[in-house]
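Here's the letter readout for the chains.
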Amino acid sequence: MELLITDGETFFHEDKRDLKYTFEYIDADALGIRMHGHDPQRRYSLTKEIITDPHYPVVLMRVRLRIGDHGSADFLASLKVYVMLAPRIDGRGMGNSARVVDVAGKPSLLAWQDSAPEGTTVAMIANSGFLRASCGYVGTSDGWQDLHRGFKMDWQFGSALNGNVSMMGQIPPGQTSDFRIALGFGDGHHAAIAAAMGALATPFERHQDRFIDQWQRVESPRHLAEVSGDYGRLMQISHNLILAHEDKTFAGAFIASASIPWGYAKGDDDLGGSHLVWTRDMGHSASALLASGQRETALRALVYLACTQQPDGGFAQNFWVNGTPYWTGLQLDEVAFPIILAWRLWKVEALEGFDVFSFVERAAMFLLLHAPVTQQERWEENAGYSPSTLAAVITSLICAAEMLREHGATEFALLLQQHADWIESHLEDWTVTNDGVLHPAVKRHYMRIRPPECGAPYVQEDCGKEVLRLNNRPPGSRIEFEAREIIDAGFLELVRYGVRRADDPLILDSIKVVDSTLRVETPHGPCWRRYNHDGYGTASDGSPFTGWGQGRAWPLLTGERAHYELSAGNEVRPYLQAMEAFASEGGMLPEQVWDGPDTTLQGEPLRCGDPAGSAMPLIWAHAEYLTLLRSVHDKRVFDRIDVVAERYSGPHKHSAEVEIFLLKRAIREMRAGCKLRIIADRSFRVIWTSNNWKTSQAIEGYQLGNHVSYADLPVQDLRDATVSFTLFWTGEVRWEGRNFDVAIVEF
């Protein structure tokens, strides 16, 4: 929604492009905003105040037009003001319809999705009514085109159906100095109109007082302001933004961002944008709220996740707030984070009456059947063994084990611990290169991800070569890289949760590689790119990402680095202050900042360290900042989980007791000294031998719940031997029809 101002004869201003605005919050505790601007010649000034109705789905805007420093009363009286809206119902630009309607004897405007006339409708109504109103198609018959032709509103089209529509209304002369606009939303036309009209019937000042009062009722973590670098401003904004991103219909559903990355350059091919639920982002949001003392809100998030968990214990890659999947990839960390959230609430006795154990049990079973190979890691692009994913998986399994043991499920708890131990024991095998090429002095370091080996899930045609195919690369550029050529800082998650020590030599060497490859120095402070050769970002000239580009620096990674430095006992204030400086004028942290030289884009300055047009606000970044404040305040990383740290980075580190065999990841060799554990998703009997079938033994698989069966082959005392076995599926009364051989070797 925007304002168009003209004198009807000599000029036409589009307020969002032609007026120079300053921005402020109406109250420091609330998300209501005030924008004060003036035309280039300072002949008039315009103030917009925007809030929501505290009780109904209505956005309210109060506008005041005044004489500027170089204006006059006569000039102000000559101005004609129009309100224009190009609706995007359900996120769609196309397929919308708009109509001029009579409401209480005054012209008003309605818009809806043509395919769902009884679905969401938006009503745009002025408190004075519109003098004239029109509906048109964007770029041809809309109000902007009309005024741009001759500074006058000549068109008054009663409707525009099933297209990319725009609607415009003129504020009556004599009312332009102070008027209000309501955007009412509802299921169907009547609901939207009634909501807007009801909101306009109450004075704006009363709405504003109620709006501020309700925000002030929310207990903010004001004690964290003392460790901030901006007296708590970004703390308060971050706290409010996370709360505002909880859906108001589906309680507990926190979306990643209300924005669409580079939305001004997008069509309808990606309706989701960032206003979807990712359990990873949501886990960070809920954890940040816990760090802020918001236990009830974090519990709502967990209950919502329990309602969207799939029957097998997994989660869709992302989904609409009603739980409908959008993208359908599998990311193991998105199964792990809900377990960690449940554990956090359990530890602080904030589960109230919610019985979370079945939810945790199912998610843990899912991880038993699918870890360690993920279809996608946290950057949602590649399959394999990811340090950041495995950090979350290990942590979640230990958290689940502690909860389930307390609940009396001691055998299952032991199984989860042993599974976590197995993954932890192979971290370096799976995620580290011994022949690095990114830093001349460092050969051994963590990689971003190692592709699956032949025989593992999600393999590529050229498995065994450890080649990654990177997405979003510019046309004609290289897309295939050896895994050892690509690094990200995801391994720092191992330190964050306590799986590895901050002074681990491998961590320190990997940081050297990350800093030489991904670190960017900006005027605001250091920032890091996701990984080298990343194509998700603006083009080289700063123009929007439209399928390919150059990945830019992410402020949330500055927060992650700060958490590492805190673990290492180093100074974190430069990172904290950098995050604060990366925020926009309104305190919004972007997904990415421009990390090239200062330049201009379409006449606007693009400065190093400023938002680069991607998702803003990115709630994950705001959650990272809030959690960082809590960590600095406590002088301890808030996300560190003691039971994990004691198990893996303390003086009495646990060793793996089992090697895991999954049908989808059939190992061919294993370390001597361990049992061989076979895990399947249904009941089975295993027939096995260690002497080439001269003798054999049978073991019945033990059933855990409805999804997991396992059997342990007692081969821990064998050396330089081969174990052979086959499976009989007892529920289906059939043989697997093949044998499996596993060599036992000394590593």
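Given the structure is predicted, the values throughout are model-derived calculations rather than measurements.

Thresholds, definitions, all that
Residues numbered from 1 in each chain as written. Predicted model: local features only at pLDDT ≥ 70, side-chain atom pairs only at ≥ 80, totals over all residues. Heavy atoms only, no water. Helix = DSSP H or I, 4+ residues; strand = E, 2+ residues; numbered from the N terminus. Rg over C-alpha atoms; globule rule 2.2 N^0.38 Å. Buried < 20%, exposed > 50% of the residue type's maximum accessible area, 1.4 Å probe, protein only. Areas by Shrake-Rupley, 256 points an atom, 1.4 Å probe, with all protein chains shown as cover. Lys, Arg positive; Asp, Glu negative; His and termini not counted. Charge placed at Lys NZ, Arg CZ, Asp CG, Glu CD. Contact = heavy atoms within 4.5 Å. Core = buried A, V, L, I, M, F, W, Y, C linked by side-chain atoms within 4.5 Å. Salt bridge = Lys/Arg side-chain N within 4 Å of Asp/Glu carboxyl O. Phe/Tyr/Trp six-rings, centres within 6.5 Å; stacked < 30°, edge-to-face > 60°. Lys NZ or Arg CZ within 6 Å of the ring centre and 35° of its normal. Axes fitted to C-alpha atoms, helices over the stretch in contact; angles between N-to-C directions. Parallel < 35°, antiparallel > 145°, perpendicular 65-115°, else oblique. Left-handed = near helix turned anticlockwise from the far one by under 90°. Nonpolar A, V, L, I, M, F, W, Y, C, P; charged D, E, K, R; others polar. Pairing = 2+ DSSP bridges. Expected span 1.5 Å × (residues − 1).

Peer 1: For this particular structure, what's the right way to read the overall build of the protein?
Peer 2: Looking only at helices and strands, one finds 19 helices and 33 strands in the protein. Taken against the 2.2 N^0.38 rule, which gives 27 Å for 747 residues, the C-alpha radius of gyration of the protein at 29 Å falls within 12% of a compact globule. The dimensions of the protein, computed from C-alpha atoms along their principal axes, are 105 × 55 × 50 Å. Every one of the 747 residues in the protein was classed for burial, and the buried ones make up 58%. Roughly 29,700 Å² of accessible area belongs to the protein as shown, and the carbon and sulfur atoms make up 49% of that amount. For the protein, the distance from the average site of its 72 positive side-chain charges to the average site of its 97 negative ones is 1 Å.

Peer 1: What's the story with the environment of Lys 512 in this structure? I'm lost.
Peer 2: Note that Lys 512 resides in helix α15 (residues 505–517). For the pair Lys 512 and Cys 307, spaced 205 residues apart in the sequence, the C-alpha separation amounts to 43 Å. Ignoring anything within four residues of it in the chain, the contact list for Lys 512 reads His 439 and Val 442.

Peer 1: Teacher, can you tell me more about the nonpolar core here?
Peer 2: It is characteristic of soluble globular proteins that their nonpolar side chains tend to be buried jointly. Among the nonpolar cores identified, the biggest contains 173 residues, and Leu 345, Val 356, Phe 412, Leu 416 and Ile 423 are the most heavily contacted of them. Aside from chain neighbours lying at most four places away, what touches Leu 345 is Leu 290, Arg 295, Ala 298, Leu 299, Leu 302, Ala 350 and Leu 351. In this structure, Leu 79, Ala 133, Ile 171 and Phe 179 belong to the second largest nonpolar core, which totals 33 residues.

Peer 1: Looking at this model, I keep getting lost on the pattern of salt bridges. Mind explaining?
Peer 2: Between side chains of opposite charge, a pair can form when the charged atoms approach closely. All told, the structure shown has 55 salt bridges when counted by the stated rule. We note a salt bridge from Glu 49 to Arg 62, for which the minimum N-O separation is 2.5 Å. Pair noted here: Glu 49 is in strand β5 (residues 44–52) and Arg 62 is in strand β6 (residues 58–67), with a separation of 13 residues, a long-range link. Since its relative accessible area comes to 8%, Arg 62 is described here as buried. We note a salt bridge from Arg 478 to Glu 485, for which the minimum N-O separation is 2.8 Å. Taking relative accessible area as the criterion, Arg 478 reaches 44% and is therefore assigned partly exposed. Classification of Glu 485 by relative accessible area gives buried; the value is 17%. Within the structure, one salt-bridge network assembled from shared partners comprises Glu 24, Arg 34, Glu 49, Arg 62, Arg 64 and Glu 205.

Peer 1: What should I look at first to understand the environment of Gln 417 in this one?
Peer 2: Its place among the elements puts Gln 417 in helix α12 (residues 410–425). Spatially, the C-alpha atom of Gln 417 lies 26 Å from that of Asp 281, the residues being 136 residues apart in sequence. Apart from residues no more than four positions distant in its own chain, Gln 417 is found in contact with Ile 398, Ala 401, Arg 405, Arg 647 and Tyr 648.

Peer 1: Help me out: how do you make sense of the packing of aromatic side chains in this one?
Peer 2: Within a pair of aromatic rings, the relevant descriptors are the distance that separates the centres and the angle that separates the planes. Taken as a whole and judged by the stated rule, the model has 26 aromatic pairs. Ring centres 5.7 Å apart and planes at 70 degrees place the aromatic pair Phe 12 and Trp 144 in the edge-to-face group. Of this pair, Phe 12 sits in strand β2 (residues 12–14) while Trp 144 sits in helix α3 (residues 143–150), placing them 132 residues apart in sequence. A residue is classified by how much of its surface remains accessible, and Trp 144, at 23% relative accessible area, is partly exposed. Through successive ring pairs, a cluster of aromatic residues spans Trp 262, Trp 379, Tyr 536, Phe 545, Trp 554 and Trp 620. Taking NZ or CZ as reference, Arg 43 lies 4.7 Å from the ring centre of Phe 11, over its face. Over the aromatic face of Tyr 531 sits the side chain of Arg 448, whose NZ or CZ is 4.0 Å from the ring centroid.

Peer 1: Whenever I open this one, the packing of helix α16 (residues 555–567) against helix α18 (residues 619–634) confuses me. Can you help?
Peer 2: Two quantities define a packed helix pair, namely the angle between the axes and the distance from one axis to the other. At a minimum axis distance of 9 Å, the contact between α16 and α18 shows a crossing angle of 20 degrees. Considered as vectors, α16 and α18 are oriented roughly parallel to each other. Considering only the axes of α16 and α18, their crossing is left-handed. Contacts between α16 and α18 involve Leu 556, Gly 559, Glu 560, Ala 562, His 563 and Leu 566 from the first element and Trp 620, Ala 621, Glu 624, Thr 627, Leu 628, Ser 631 and Val 632 from the second. Counted by class, the contact of α16 with α18 contains seven nonpolar, four polar and two charged residues.

Peer 1: Where do I start with the sheet that holds β6 in this structure?
Peer 2: Backbone-to-backbone hydrogen bonds join strands into a sheet, with any given pair of strands oriented parallel or antiparallel. Strands sit in the order β3-β4-β5-β6-β14-β10-β9-β8-β12 across an open sheet of nine strands; the sheet is antiparallel. At either end of the open sheet lies a strand with only one pairing partner, and these are β3 (20–25) and β12 (159–163). Adjacent strand axes in the sheet meet at a mean angle of 20 degrees, parallel and antiparallel pairs treated alike. Looking at chain direction, strand β4 (residues 33–38) and β5 are connected through six bridges and run antiparallel. Each bridged residue has a counterpart across the sheet, and for Gly 37 the counterpart in β5 is Leu 46.

Peer 1: Could you clarify how one ought to interpret α12 in this entry?
Peer 2: Residues lying three or four places apart along an α-helix face the same way, a consequence of the helix completing one turn every 3.6 residues. For α12, built from 16 residues, the straight-helix expectation of 22 Å at 1.5 Å per residue is met to within 8% by its first-to-last C-alpha distance of 22 Å. Of all 16 residues making up α12, 13 are buried, and the element is well covered by its neighbours.

Peer 1: What should I look at first to understand unusual backbone geometry in this one?
Peer 2: What you tend to see is this: most non-glycine residues have negative phi, and most peptide bonds are trans. In this structure, the amide linkage connecting Ala 371 to the following residue, Pro 372, adopts the cis form with an omega of 15 degrees. Its place among the elements puts Pro 372 in the loop between α10 (357–370) and α11 (387–406). With an omega dihedral of 5 degrees, the bond running from Met 616 to Pro 617 counts as a cis peptide bond. For Pro 617, the position within the fold is in the loop between β23 (604–606) and α18.

Peer 1: Can you help me understand the pairing of strand β8 (residues 96–103) in this one?
Peer 2: Along any regular strand the residues' side chains alternate between the sheet's two faces. Bridge count between β8 and strand β9 (residues 106–113): eight bridges; the pairing is antiparallel. If you follow Asn 96 over to β9, its bridge partner there is Gln 113. Connecting β8 to the next strand, β9, in antiparallel fashion are two residues, including Ala 104 with a positive phi near 55 degrees. The sheet contact formed by β8 and β12 spans three bridges and is antiparallel. Of the residues in β12, the one forming a bridge with Arg 99 is Ser 159.

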